[in-house]
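# Coordinate inspection notes
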Amino acid sequence: MSDAIRYERVGDIAVLTAQNPPVNALGVDVRKGLLSGIERAEADGAKAVLIYGDGRTYFAGADIREFGKPMLDPGLPDLGSRIEASPLIVVSAMHGTALGGGLEIALCSHYRIAVPSAKMGLPEVNLGILPGAGGTQRLPRVAGTEAALDMITSGRPIKAPEALDKGIIDRVTEGEPREIGLAYAQELLDAGAARRAVCDMPAPEMIDFDTRYDAVLKKGRGQISPATALRSVQAACEADNFEAGLKRERELFMELMNSDQRQGMVHAFFSERAVSKLPELKGVTPRTLAQIGVIGGGTMGAGIATAALLSGLKVTMLEMTDEAAAAAKGRIEGNLQGALKRGKISQDQFDILTQQSLVLATDYAALAEADLVIEAVFEDMSVKKTVFTQLDAVCKPGAILASNTSYLDVNEIAACTSRPEDVIGLHFFSPAHIMKLLEVVVADKTAIDVVATGFALGKMLNKITVRAGVCDGFIGNRILATYRSCADQMILDGASPYQIDAAMTKFGFAMGPYAVSDLAGLDIGWASRKRKRAAGMDPRARDSVYADKLCEAGHFGQKTGKGYYVYEAGKRGGTPNPEVAALIEANRAELGITPREFTDEEITRRYMCAMVNEAAKVVGEGIARRPLDVDMTLLFGYGFPRYHGGPLKWADIQGLDGILADIKTYAQEDDYFWQPAPLLEQLVAEGRSFDDLNKGSN
Ligand code: 3HC
Ligand code: NAI
């Protein structure tokens, strides 16, 4: 018997208890234990078998760490079928999260009971695969085709009462899984209940799968697992028999298991958990966080205040004037209204948050007791320095002074205070109460418990928190500046913004870079270009001015109704702005460029090579600690398609040598922009990958 499954007899019932913390994943030892447990129960005269999990959950799924390795026997599908074929009555009692292979094992049991708080689902599509242990065959048989299709293609888990309504489980009962499971199994035995195998149920109802396929494919924006999972459910409806359906499921499962997207999504799963685990923070106690101050209640300050209020913090919002403070309050209330509408908070909570937890101020004295103050004023070093000098004067000792600056030097900001060890960058993304990313920017003198507090804040606000070092733009905006510059150069050389947007949406981004610029406001990029020119650009750097012309004419994108696209009121999205082509042509003529054709493939390759190269520099310079930090930054802050895993995971999958070779080819035209990252050259020379660096850092 394996240690991962404990076997015991309680009267006529053989009890199989999973003991594989933390989530009872169905690794090889658990599978072996279940198989021998069933065999033993049958051999020693038991009449029923109860399966449940010790600790916090029933099986949360297959062991994802085994993916991509040869499957060790017994495989999950065979194990499931063996459990289902048992002549004994098999009962699963669920609590916690019965997900993926976990729910599949439950579906192979003959009866299912759960505690009310249990959640169950088939989230495999989120890992780039499909339920591969009979889930696409059994779930539609018990829940019907439509309900099963919804759960399988979305991956969304449901709560036990809903599962009961859908016929997925037989009973919901309060209590401990072991006790309710034993009582239910005994009740079934006493009632002389028959064995009940889902595989013997009739095939589920046929629907118009082809129409659904197109819709699911479109919704997936290039992600193939939901649409492939749909085909597997289709097999449940139309295969000659259950076995044939299972066989089809296996084929489709293996197709996805061997796909690049599976690699990307599994990388994302583990990286989002690893990203905030920094060895240097082990054992470091964060400072107390109960009351925070936010300075500047514009777009960002209002969003940060909203996020903080929603997580239970008290917030003092400091603005320049009473009018500006009132406007800030209006923005925060607007954000909280959204949370109210989405059912995240009640009206009572809304009232408490806006009337008691939020205080407005125009005097710095109001920040004297704050544990943390986050500055979100204009992006101007002299304004920031004035703010930090005043904060230094009023804040209590030990208070953390943070800046939400997008690009500015946090060391320089820290140096204007008498307590640089208390100063840190907390770079939120817009809208700050919605976007998941938080870059914790660690300056030269930032104290370690201040860093730990930044991460603790991220956890409180439910963010993906990434450590970044100080440089222009930190991790994300620095890489963004490079790939945007690459796109701008392709435009000068002959591509159009619309072709680039189309190529990058085909790659999987929800929006292309020019549509994103219109959304964020073209004035942001304009200000940044002016700042760079004022600081003195390297004469070898190619500069473009066509976008400045749009701004000079007052076109800042969506907020003014015109940018790269024209936006009509009431319509979603925009249509290409006909004025843009002439501006680009004029810019090309000025620079003496004869435009050439670009294929979508070349656009994507150059764009991605620029992104990867800069990302490699960011890691090589220690701005990001590990490649996975870059990957998570791009995934959660910049809309990078999750199924590619992040730019550096994507690069590993493509092959680093090919990427380096392409960068060197591009460098023949422009050896200033395309300087290969030393880390990329090193990895290619050593035959290693970015993921090797991730592993080496654990
Ligand atoms: N396999 C291996 N490790 C797993 C795992 C799994 N299925 N699920 C979670 N873990 C690990 C996590 O990586 C984490 O490890 P760490 O502490 O070293 O970082 C640890 O367990 C705890 O996980 P969380 O931090 O995520 O804990 P939470 O309590 O926040 O969440 C959970 C628990 C809801 C179960 C969440 O972990 C989760 O969603 N897990 C994945 C569930 C899933 O996708 N199951 C389907 C797997 S695919 C499958 O079953 C294929 C089959 O059809 C053949
Ligand atoms: P914004 O212009 O919308 O808001 C700035 C606010 O600060 C205004 O309400 C203004 O009244 C107030 N303010 C200015 N000086 C002040 C002072 N001395 N004291 C008190 N209040 C003052 O600007 P936004 O977009 O919110 O940006 C703020 C900061 O956040 C900038 O540093 C920016 O770079 C950064 N940031 C912006 C992002 C964005 O997408 N807008 C994303 C991430 C960071």
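Quick notes on the rules
Residues numbered from 1 in each chain as written. Chains lettered and ligands numbered in written order. Predicted model: local features only at pLDDT ≥ 70, side-chain atom pairs only at ≥ 80, totals over all residues. Heavy atoms only, no water. UniProt positions renumbered as here; feature names shortened; annotations may be inferred. Core = buried A, V, L, I, M, F, W, Y, C linked by side-chain atoms within 4.5 Å. Buried < 20%, exposed > 50% of the residue type's maximum accessible area, 1.4 Å probe, protein only. Helix = DSSP H or I, 4+ residues; strand = E, 2+ residues; numbered from the N terminus. Contact = heavy atoms within 4.5 Å. 1 Å grid on protein atoms, 1.4 Å probe; cavity = no way out; pocket = protein on both sides within 12 Å on 5 of 7 lines; lining within 4 Å. Points joined across faces, edges and corners; volume = space filled by probe spheres on them. Phe/Tyr/Trp six-rings, centres within 6.5 Å; stacked < 30°, edge-to-face > 60°. Lys NZ or Arg CZ within 6 Å of the ring centre and 35° of its normal. Domains from an automatic or database assignment. Salt bridge = Lys/Arg side-chain N within 4 Å of Asp/Glu carboxyl O. Polar contact = N/O pair within 3.5 Å; in protein donor to acceptor, adjacent residues only side chain to side chain. Disulfide = S-S within 2.5 Å. Near = heavy atom within 4 Å. Pairing = 2+ DSSP bridges. Axes fitted to C-alpha atoms, helices over the stretch in contact; angles between N-to-C directions. Areas by Shrake-Rupley, 256 points an atom, 1.4 Å probe, with all protein chains shown as cover. Nonpolar A, V, L, I, M, F, W, Y, C, P; charged D, E, K, R; others polar.

The protein chain is annotated in an unreviewed UniProt entry as 3-hydroxyacyl-CoA dehydrogenase from Parasedimentitalea denitrificans. According to the UniProt record, the Pathway (unreviewed entry) comment for the protein chain reads "Lipid metabolism; fatty acid beta-oxidation." Under the UniProt heading Catalytic activity (unreviewed entry), the entry covering the protein chain gives this text: "a (3S)-3-hydroxyacyl-CoA + NAD(+) = a 3-oxoacyl-CoA + NADH + H(+)".

## What to know about the nonpolar core
Nonpolar side chains in soluble globular proteins tend to be buried together. One finds L391, V630 and F690 to be the most contacted residues of the largest nonpolar core, which totals 97 residues. The element contributing the most residues to this core is helix α24 (residues 600–620), with eleven residues. Ignoring sequence-local partners within four residues, the contact set of L391 consists of I295, Y364, L367, V373, L401 and R419. Grouped together as the second largest cluster of nonpolar side chains are 81 residues, I13, A18, I152 and F253 included.

## Brief notes about the UniProt feature "domain: 3-hydroxyacyl-CoA dehydrogenase C-terminal" (unreviewed entry) in the protein chain
Those places that UniProt annotates as "domain: 3-hydroxyacyl-CoA dehydrogenase C-terminal" (unreviewed entry) correspond, in this numbering, to residues 473–567 and 603–688. The annotated region residues 473–567 carries 61% helix and 2% strand content, and the separation between its end C-alpha atoms amounts to 29 Å. With 67% helix and 0% strand, residues 603–688 has its two end C-alpha atoms placed 27 Å apart.

## Looking at empty space enclosed by the protein
Summed over the entire model, instances satisfying the criterion amount to two cavities of 30 Å³ or more. By volume, the largest cavity is sized at about 40 Å³. Around the largest cavity sit L372, I400, I424, L426, V450, T453, G454 and L457, which together line it. For the lining of the largest cavity, the secondary-structure elements that each account for two or more residues are β15 (423–428) and α17 (448–460).

## A closer look at the packing of aromatic side chains
Under the definition given, this model contains 15 aromatic pairs. Their ring planes at 55 degrees and their centres at 5.1 Å tell us that Y483 and Y607 sit as a pair that is tilted. You can see Y483 sitting in helix α18 (residues 476–493) and its partner Y607 sitting in helix α24, a full 124 residues away along the chain. Judged on exposure class, the residue Y483 and its partner Y607 are both buried. Summarising the aromatic geometry, the rings of Y498 and Y565 are spaced 5.1 Å apart at their centres and angled 80 degrees between planes, so their arrangement reads as edge-to-face. With Y498 in helix α19 (residues 497–507) and Y565 in strand β18 (residues 565–566), this residue pair connects regions lying 67 residues apart in the sequence. Judged by its relative accessible area of 11%, Y565 is buried. Clustering of aromatic rings is evident, with ring pairs tying together F507, F509, F640 and W650. Here the guanidinium or amino end of R231 rests over the ring plane of Y213, the centre of that ring lying 4.0 Å away. Over the ring of Y666 we find R606, and its NZ or CZ is 4.2 Å from the ring centre.

## Side note on the domain arrangement of the protein chain
Interfaces are often sized by the amount of accessible area the parts lose when they come together. We note that the domain assignment places domain 1 (5–258), domain 2 (289–468) and domain 3 (476–697) within the protein chain. Computed from C-alpha coordinates alone, the two centres of domain 2 and domain 3 are separated by 30 Å. Each partner contributes residues to the interface: domain 2 has twelve residues there, and domain 3 has 13 residues. For the pair domain 2 and domain 3, the number of links is zero salt bridges. Seen at the junction of domain 2 and domain 3, the total is two residue pairs in polar contact (both at pLDDT 80 or more). Those elements that place two or more of their residues in the side of domain 2 that touches domain 3 are β16 (437–442) and β17 (464–469).

## Considering the state of the cysteines
Evaluated as defined, the whole model comprises zero disulfides. Looking at C199, it has no disulfide partner, and the nearest cysteine sulfur is the one in C108, 8.3 Å off.

## So, the site of ligand 2
Neighbouring ligand 2 are 22 residues, the closest being M300, E319, E379, K384 and S406. K384 is positioned such that a nitrogen or oxygen atom in its side chain is 2.6 Å from an oxygen atom of ligand 2. Taking S406, its side chain carries an N or O atom lying 2.7 Å from an oxygen atom of ligand 2. Secondary-structure elements contributing two or more residues to the shell around ligand 2 are α12 (299–310), α15 (381–394) and β15. When residues in the shell around ligand 2 are grouped by element, the largest group, three residues, is from α15.

## With respect to the sheet that holds strand β4 (residues 89–94)
If you walk across this open sheet you meet the six strands as β1-β2-β3-β4-β6-β9, and the pairing is mixed. In this open sheet, the two edge strands, each paired with only one partner strand, are β1 (5–10) and β9 (171–172). Set on the sheet, helix α1 (residues 28–43) makes contact with β1, β2 (13–18), β3 (48–53) and β4; between it and β1 the angle comes to about 20 degrees.

## Quick word on the side chain of N613
Tracing the backbone shows N613 in helix α24. Those residues in contact with N613 that lie beyond four places of it in its chain are I663, Q675, P676, A677 and L680.

## Remarks on the environment of A541
In this structure, A541 sits in the loop between α21 (522–535) and α22 (546–552). Along the primary structure A541 and F673 are separated by 132 residues, whereas in three dimensions their C-alpha atoms are 6.9 Å apart.

## What about the site of ligand 1?
Around ligand 1, the surrounding shell holds 26 residues, and the nearest of these are R56, G101, E124, R273 and K277. A distance of 2.9 Å separates a nitrogen atom of ligand 1 from a polar backbone atom of A60. One of the side-chain nitrogen or oxygen atoms of E104 is found 2.7 Å away from an oxygen atom of ligand 1. Coverage of ligand 1 by the protein amounts to 73% of the 980 Å² it exposes when considered alone. Breaking the shell around ligand 1 down by element, the ones donating at least two residues are β5 (97–99), α3 (101–108) and α11 (260–274). No other element matches the three residues that α11 contributes to the shell around ligand 1. Grouping the amino acids of the shell around ligand 1 by side-chain chemistry returns 15 nonpolar, five polar and six charged.

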